[in-house]
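Chains, contacts and geometry: an overview
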Amino acid sequence: MESPGEQQKSEGLIELYDSFRDMFNFFCTNTTIHGTVRLVCSSHNRLKTAFWSMLFLASFGMLYWQFGLLFNQYWKYSVIMTISLHSEPKMFPSVTLCDMNPHRSLLVKRYLEDLDEFAQENIYSLYKLNITERQAGGQGYPATGPSSNRSFHLDRSIYLEKLDREAINRVGFRLCNSTGGDCFHRAHSSGVAAIRDWYRFHFINIMSLLPPYNETAHESRGSDFISSCCDSGGACQKKDYQFFHHPIYGSCYTFNNRGMNGFWKADRSGLTHGISLILKAEQNDHLPLLSTEAGVKVIIHARNQTPFLEYQGFSIRPGTETTIGVREDEVHRLGGQYDRCTKDGGDVDVQLLYDSAYSTQACLHSCFQELMIKTCGCGYYFYPLPEGAQFCNYNQYPAWGHCFYKLYQNLEAHRLPCFSRCPKPCWESLYHLSAGVAKWPSSKAEDWILSTLDKKNNSREKSPPRGLGAQMGRVGKGDGRPPFAHPLVAFLLGRNSVTKVHIFYQQLNYRSVDETPVYSVTQLLSSMGSLWSLWFGSSVLSVVEMLELLLDAVALALVLGYRRLLGFGMMSVEASEGPGEGVRVLAIQQDLSQPLWEAEVPSGSSISGGVPLQAPSVSITVHGRFRGPWLQSGLKI
């Protein structure tokens with residue numbers, strides 16, 4: 001059986017300090033944080049104590065100031081770009097080629113002739129320049145003029161005009177809203193740009209009358225565009241490309257569109273291991289006021305993505321051999337809290353109108369078309385239509401032009417929500433191109449090359465391209481040779497109507513550009529540990545000691561506060577002899593409305609600082625009532 005002294009020295013399950021001073025002394029003496037022991041051991045020297053206290057507080061403040069900077073940097077979710085180099089066989093990118101020869105559809109031929117005549121009138125009124133019907137793009141036949149049975153009529157109130165008499169080149173046309181109260185001018189400093197923009201606007205209204213394009217019909221007209229095609233020595237097959245028609249850039253062919261055919265996998269780099277094409281660039285049925293270029297449009301883009309001819313690619317002039325070297329970069333974005341991106345467009349709240357993989361440009365076009373239909377009531381002709389909508393033309397929607405250009409200005413100024421609704425893809429391929437150009441075919445090799453191409457392609461037309469017929473007729477006349485046999489004609493029809501293109505990987509090494517966070521969780525904890533060690537030279541366990549100190553301080557404050565709140569008040573203590581020998585009964589009475597408690601203490605103890613009871617070492621029964629539960633914290637009875 002334990003003695004009373006041993007009972008007093010035994011520790012309970014939870015022990016609290018008698019005061020904050022005791023708690024602080026114990027912590028400073030036993031903690032692993034450097035410098036804190038100086039606050040205790042120099043307690044008899046106030047100057048040293050003040051010095052170490054100030055130094056400790058300054059270090060503590062600097063630490064948490066740097067913690068604040070660290071967390072501020074972390075919560076910015078900044079990223080850095082990490083570039084790594086990889087080398088492996090790569091699938092060839094998609095290649096789109098267009099003959100830049102827009103076609104005159106027979107369904108709207110007469111309306112286009114009216115537009116050509118109207119264009120002649122506008123050009124003459126501006127510059128007193130007479131251009132022939134053929135120069136304007138027509139076929140040399142008189143326009144049929146307006147007719148009451150036509151389903152479409154040109155809006156002749158939209159005409160070209162000089163906007164500033166002093167600035168000769170400032171030309172444009174006026175567009176108004178449905179009431180005519182809000183008008184603005186589409187102005188250009190270049191007369192050529194103004195004519196093309198004005199012609200394009202009327203052209204859109206005419207082409208909107210057409211049903212969806214019959215791709216097969218257009219393909220038959222452009223089937224001789226590709227004279228020769230091979231990839232790494234193997235001949236291209238018709239299944240290797242996909243055809244589509246563009247109203248301005250004409251017949252277009254996309255090679256390796258889906259990227260699923262192993263034929264297009266590049267195992268080696270270099271000029272001899274790429275795509276080699278011989279293309280014809282004849283300008284049949286050309287619309288010179290719509291497209292002023294002659295040649296081939298080339299776009300190299302990611303697989304299974306729509307090529308946007310207005311914003312991408314470059315033009316190749318006829319009579320040249322162009323080599324295009326390709327280098328690829330793969331970009332990987334983190335997404336999430338670092339930067340918004342989408343994996344496949346499934347989480348984007350824009351209905352993608354293109355039958356292809358997600359791209360930012362496709363999303364922007366789809367978003368704009370959605371706003372266009374909602375705002376103007378009809379869709380823009382060069383973008384796909386959602387189900388149930390129809391294209392704009394000023395016979396049905398007289399003010400659509402005013403609405404469209406105002407809306408497009410807001411898009412360019414980022415005042416529409418499309419840019420926020422269309423995030424970048426989390427993964428995409430970017431292609432960097434380098435091109436070289438040489439004259440082809442040379443004057444020495446021209447004859448046999450063109451003869452070989454003529455024999456290889458029996459489908460080549462035996463009539464001269466439009467616009468050169470009169471010249472060739474005069475050249476071949478009287479010398480007994482057909483027009484194609486004359487050297488000048490061969491030059492005009494040969495070098496100016498064919499071009500050669502090589503597209504290849506410069507090297508199979510490709511760069512992977514990956515976003516990595518400036519501070520990940522691991523790096524954040526590492527930086528915090530470095531700062532903590534710098535200022536206090538301690539570890540994670542030292543942080544636990546700080547937390548323990550904090551919990552002890554809170555618990556002690558609660559206990560002391562609770563005791564102070566309750567208070568003991570005035571106590572009456574009466575002592576009398578108990579029922580046994582050497583036993584005293586102490587009655588402590590306070591707030592008799594509370595329940596009774598009993599405790600036994602050895603005689604000789606003191607209560608509330610009273611005089612020690614002179615009695616043998618026996619148990620004493622104490623009777624009394626308290627207003628709250630009994631608390632024991634260093635109180636000896």
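Now for a quick tour of the structure. Keep in mind the model is a prediction, meaning the values are calculated, not measured. (Residues numbered from 1 in each chain as written. Predicted model: local features only at pLDDT ≥ 70, side-chain atom pairs only at ≥ 80, totals over all residues. Heavy atoms only, no water.)

Things to note about the overall build of the protein chain
Test applied: Counting from the N terminus, the helices are the DSSP runs of H or I reaching at least four residues and the strands are the DSSP runs of E reaching at least two. Throughout this description, buried means an accessible area under 20% of the type-specific maximum (1.4 Å probe, protein chains only), exposed means over 50%, and partly exposed covers the range between. Contacts between residues were defined by any pair of non-hydrogen atoms, one from each residue, lying within 4.5 Å. The protein chains shown are the only cover counted for residues, whose accessible areas, like all others here, come from Shrake-Rupley with a 1.4 Å probe.
A count of helices and strands for the protein chain gives 16 helices and 24 strands. Taken over 637 residues, the protein chain has a buried fraction of 40%. A separation threshold of at least 6 residues defines the contact pool for the protein chain, and within that pool the share at least 24 residues apart is 72%. Surface exposure of the protein chain reaches about 35,500 Å², of which carbon and sulfur atoms provide 55%.

Topic: the sheet that holds strand S3 (residues 94-98)
What counts is decided by this rule: Only when DSSP finds a minimum of two bridges between them are two strands counted as paired. In this analysis an axis means a line fitted to C-alpha atoms, helices contributing only their contacting stretch, and an angle means the value between N-to-C directions, from 0 to 180 degrees.
Read across the open sheet, the five strands follow the order S9-S10-S3-S13-S14; overall the sheet is antiparallel. At either margin of the open sheet sits one strand with a lone partner, and together these are strand S9 (241-246) and strand S14 (314-316). Strand after strand, the sheet turns through a mean of 25 degrees between neighbouring axes, direction not considered. In the sheet, S3 pairs with strand S13 (residues 296-301) via five bridges, with the strands oriented antiparallel. Bridged to Cys-98 within S13 is Lys-297.

Some thoughts on the packing of helix H5 (residues 109-127) against helix H7 (residues 191-207)
Filter applied, for reference: Each angle is binned into one of four classes, with values under 35 degrees roughly parallel, values over 145 roughly antiparallel, values of 65 to 115 roughly perpendicular, and all other values oblique. Definitions for this section: a left-handed crossing has its near helix turned counterclockwise from the far helix by less than a right angle. A right-handed crossing has that turn clockwise. Any residue outside Ala, Val, Leu, Ile, Met, Phe, Trp, Tyr, Cys, Pro, Asp, Glu, Lys and Arg is labelled polar, Gly included; the first ten of those are nonpolar and the last four are charged.
One way to put it is that H5 packs onto H7 with a least axis distance of 11 Å and a crossing angle of 155 degrees. With respect to their mutual orientation, H5 and H7 come out roughly antiparallel. H5 and H7 meet at a crossing whose hand is right-handed. Taken together, the residues of H7 that come into contact with H5 (itself represented by Tyr-111, Leu-112, Leu-115, Asp-116, Phe-118, Ala-119, Asn-122, Ile-123 and Tyr-127) are Gly-191, Ile-195, Trp-198, Tyr-199, His-202, Phe-203 and Ile-206. Here the contact of H5 with H7 is built from residues that sort into 12 nonpolar, three polar and one charged.

Notes on the nonpolar core
So the rule is basically this: As used here, the term nonpolar core means buried Ala, Val, Leu, Ile, Met, Phe, Trp, Tyr and Cys residues forming a set that is joined through side-chain atoms within 4.5 Å.
Ranked by size, the top nonpolar core spans 66 residues in total, and within it Trp-198, Tyr-199 and Trp-400 carry the most contacts. Those elements that place two or more of their residues in this core are H5, strand S5 (171-176), H7, helix H9 (360-376) and helix H10 (400-412). Ranked by residue count, the leading element in this core is H7, at nine residues. For Tyr-199, the contacting residues outside a window of four places in its chain are Arg-104, Leu-115, Asp-116, Ala-119, Leu-287, Leu-289 and Leu-290. Among the nonpolar cores identified, the runner-up in size contains 29 residues, and Cys-236, Ile-324, Val-326 and Tyr-431 belong to it.

Comments concerning the environment of Val-498
On the secondary structure map, Val-498 appears in strand S19 (residues 498-505). Judged by its relative accessible area of 3%, Val-498 is buried. For the pair Val-498 and Ile-278, spaced 220 residues apart in sequence, the C-alpha to C-alpha distance is 7.0 Å.

Topic: the sheet that holds strand S4 (residues 161-162)
The strand order across the open sheet built from three strands is S4-S5-S6, with neighbouring strands paired in antiparallel fashion. Where the open sheet ends on each side, the last strands, each with one partner, are S4 and strand S6 (183-188). Along the sheet, H7 makes contact with S5 and S6, crossing S5 at roughly 35 degrees.

Things to note about the packing of aromatic side chains
Condition: Any Phe, Tyr or Trp ring, taking Trp's six-membered ring, that has another such ring centre within 6.5 Å forms a pair; planes under 30 degrees apart are called stacked, those over 60 apart edge-to-face, and the others tilted.
Throughout the structure, instances matching the rule amount to 32 aromatic pairs. Summarising the aromatic geometry, the rings of Tyr-77 and Tyr-338 are spaced 5.6 Å apart at their centres and angled 85 degrees between planes, so their arrangement reads as edge-to-face. Highlighted residues: Tyr-77 in the loop between helix H4 (46-75) and strand S1 (79-87) and Tyr-338 in the loop between strand S15 (320-332) and strand S16 (341-342), separated in sequence by 261 residues. According to the relative accessible area criterion, Tyr-77 is partly exposed, its value standing at 22%.

Digging into the side chain of Asp-231
Here is the rule we go by: Positive residues here are Lys and Arg, negative ones are Asp and Glu, while His and the chain termini are left out of the count. By definition here, a salt bridge exists when the distance from a side-chain nitrogen of Lys or Arg to a carboxyl oxygen of Asp or Glu is within 4 Å.
Inspection of the secondary structure puts Asp-231 in strand S7 (residues 226-231). In this structure Asp-231 is buried but unpaired, with Arg-268 as the nearest side chain of opposite charge at 10 Å.

Topic: unusual backbone geometry
For the peptide bond that leads from Trp-440 to Pro-441, omega is -10 degrees, which places it in the cis range. Here Pro-441 shows up in the loop between strand S18 (427-439) and helix H12 (446-456). Positive phi, close to 55 degrees, is recorded for Asn-256, a residue that is not glycine. Tracing the backbone through its elements, the reader meets Asn-256 in the loop between strand S10 (250-255) and strand S11 (265-266). Even without a glycine there, the phi angle at His-414 is positive, about 60 degrees. Looking at where His-414 falls in the secondary structure, it is placed in the loop between H10 and helix H11 (418-421).

Some remarks on the pattern of salt bridges
As enumerated under the stated definition, the model contains eight salt bridges in all. Measuring nitrogen to oxygen at the nearest pair gives 3.6 Å for the salt bridge that ties Lys-90 to Glu-328. Of this pair, Lys-90 sits in strand S2 (residues 90-91) while Glu-328 sits in strand S15, and the two are 238 residues apart along the sequence. On the basis of relative accessibility, which here comes to 8%, the residue Lys-90 falls in the buried class. One continuous salt-bridge network, built from bridges that share partners, spans Lys-90, Glu-328 and Glu-330.

A look at the pairing of strand S12 (residues 275-280)
In terms of burial, S12 is a largely internal element, six of the six residues being buried. In S12, alternate side chains face the same way, and those of Ile-275, Leu-277 and Leu-279 on one face and Ser-276, Ile-278 and Lys-280 on the other are all buried. Two elements, S12 and S19, share six bridges in a ladder whose sense is antiparallel. By the bridge assignment, Lys-280 is partnered in S19 with Val-498.

Details of the state of the cysteines
Applied cut-off: Disulfides are defined in this document as cysteine sulfur pairs within 2.5 Å.
Enumeration according to the criterion identifies eight disulfides in this entry. Put simply, Cys-341 and Cys-426 are joined by a disulfide, and their sulfur atoms are 2.0 Å apart. Judged by the torsion about the S-S bond (90 degrees), the Cys-341/Cys-426 disulfide is right-handed. Remark: Cys-426 occurs in the loop between strand S17 (424-425) and S18 and Cys-341 occurs in strand S16; sequence separation between them is 85 residues. Classification of Cys-426 by relative accessible area gives buried; the value is 13%.

Points about H9
As a reminder, the rule being used: The span one expects for a helix is its residue count, reduced by one, times 1.5 Å.
A rise of 1.5 Å per residue sets the reference length of H9, with its 17 residues, at 24 Å; its end C-alpha atoms lie 23 Å apart and thus fit the reference within 8%. Those residues of H9 that sit buried are Ala-362, Cys-363, Leu-364, His-365, Ser-366, Cys-367, Phe-368, Gln-369, Leu-371, Met-372 and Cys-376. On its buried side, H9 packs onto H10 and H11. Backbone geometry just after H9 places Gly-377 at a positive phi near 90 degrees.

Considerations on the environment of Pro-517
Within the secondary structure layout, Pro-517 lies in strand S20 (residues 509-517). For the pair Pro-517 and Tyr-77, spaced 440 residues apart in the sequence, the C-alpha separation amounts to 6.7 Å. Those residues in contact with Pro-517, other than ones at most four positions away along the chain, are Ser-78, Val-79, Leu-334, Tyr-338 and Gln-523.

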